[in-house]
Amino acid sequence: MTTTTNPAPTFVVQPIPADLLADVRATGLDVSGNPIETHIAKSGHPLRCCLREAEPGEELILFGYEPPLPTSPYREIGPVFAHAAPCAGPTDTGYPAQWRSRPQVFRAYDEHGRIHPATRVYEGDAPEPVLAEMLADPEVVLIHSRNIGYGCYMFGVTRTDG
């Protein structure tokens, strides 16, 4: 008898889309129509545009963001930081280097936008195997990384054909 194993799914990490950020910067309004706030970074602000920590002195915006999900009761809006001016975005589509050891909640969703039981708290320094295991469940179509302390959206994770 021959046993075959499926390779671990590959994934891509997704920042907030550049076109959405352009709209927020141009209008000065978030998804709820509230004015964005401007800030000068001191330290530790996680930037959702380029998926790194802000450096002291950088100009930032803080606004309400609704991560993409199918219409469901699990949609939510929360605060996120981004650069005040357009930036180059992440350097790659892998897990953000500066956030590897940051405690996170990896919230899994199914195709209907409902939270899936694969959701878990992550506190380590090797997130890739955890995400691959979660995405190995065919019912998981999307993972949101969320800050464990504040619950804020960090980035999305989806499968890719690699």
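Residues numbered from 1 in each chain as written. Predicted model: local features only at pLDDT ≥ 70, side-chain atom pairs only at ≥ 80, totals over all residues. Heavy atoms only, no water.

Comments concerning the side chain of Gln104
Reasoning step 1: Relative to the elements of secondary structure, Gln104 occurs in strand S7 (residues 104-109).
Reasoning step 2: Those residues in contact with Gln104, other than ones at most four positions away along the chain, are Tyr95, Arg120, Val121, Tyr122, Ser145, Arg146, Asn147, Ile148 and Met154. (Helix = DSSP H or I, 4+ residues; strand = E, 2+ residues; numbered from the N terminus. Contact = heavy atoms within 4.5 Å.)

Topic: helix H2 (residues 127-135)
Reasoning step 1: Listing the buried residues of H2 in full gives Pro127, Val130, Leu131, Ala132, Met134 and Leu135.
Reasoning step 2: Against the buried residues of H2 lie strand S1 (10-14), S7, strand S8 (120-122), strand S9 (142-147) and strand S10 (153-160). (Buried < 20%, exposed > 50% of the residue type's maximum accessible area, 1.4 Å probe, protein only.)

Some details on the pairing of S7
Reasoning step 1: Of all the six residues making up S7, six are buried; the element is thus mostly covered by neighbouring parts of the structure.
Reasoning step 2: Side-chain alternation along S7 places Gln104, Phe106 and Ala108 on one buried face and Val105, Arg107 and Tyr109 on a second face that is also buried.
Reasoning step 3: In the sheet, S7 pairs with S8 via three bridges, with the strands oriented antiparallel. Following the sheet pairing, Val105 is matched in S8 by Val121. (Pairing = 2+ DSSP bridges.)

Digging into the sheet that holds S1
Reasoning step 1: Ordered by their spatial adjacency, five strands build an open sheet running S1-S10-S9-S7-S8, and the pairing between neighbours is antiparallel. For this open sheet the edge positions go to S1 and S8, each flanked by a neighbour on one side alone. Along the sheet, successive strands turn relative to each other by an average axial angle of 30°, direction set aside.
Reasoning step 2: Here four bridges tie S9 to S10, and the two strands are oriented antiparallel to one another. (Axes fitted to C-alpha atoms, helices over the stretch in contact; angles between N-to-C directions.)

Re unusual backbone geometry
Reasoning step 1: With a phi close to 55°, Leu51 is a non-glycine residue in the positive phi region.
Reasoning step 2: Overall, the relative accessible area of 6% leaves Leu51 in the buried class.

Focus: the environment of Glu58
Reasoning step 1: Note that Glu58 resides in the loop between strand S4 (52-53) and strand S5 (59-65).
Reasoning step 2: Taking the C-alpha atoms as reference points, Glu58 and Arg75, 17 residues apart in sequence, are found 30 Å from one another.
Reasoning step 3: With sequence-adjacent residues up to four places away left out, Glu58 is seen in contact with His39, Ile40, Ala41, Leu47, Arg52, Glu53 and His83.
Reasoning step 4: For Glu58, the side chain forms a polar contact with the side chain of His83, separated by 2.9 Å. (Polar contact = N/O pair within 3.5 Å; in protein donor to acceptor, adjacent residues only side chain to side chain.)

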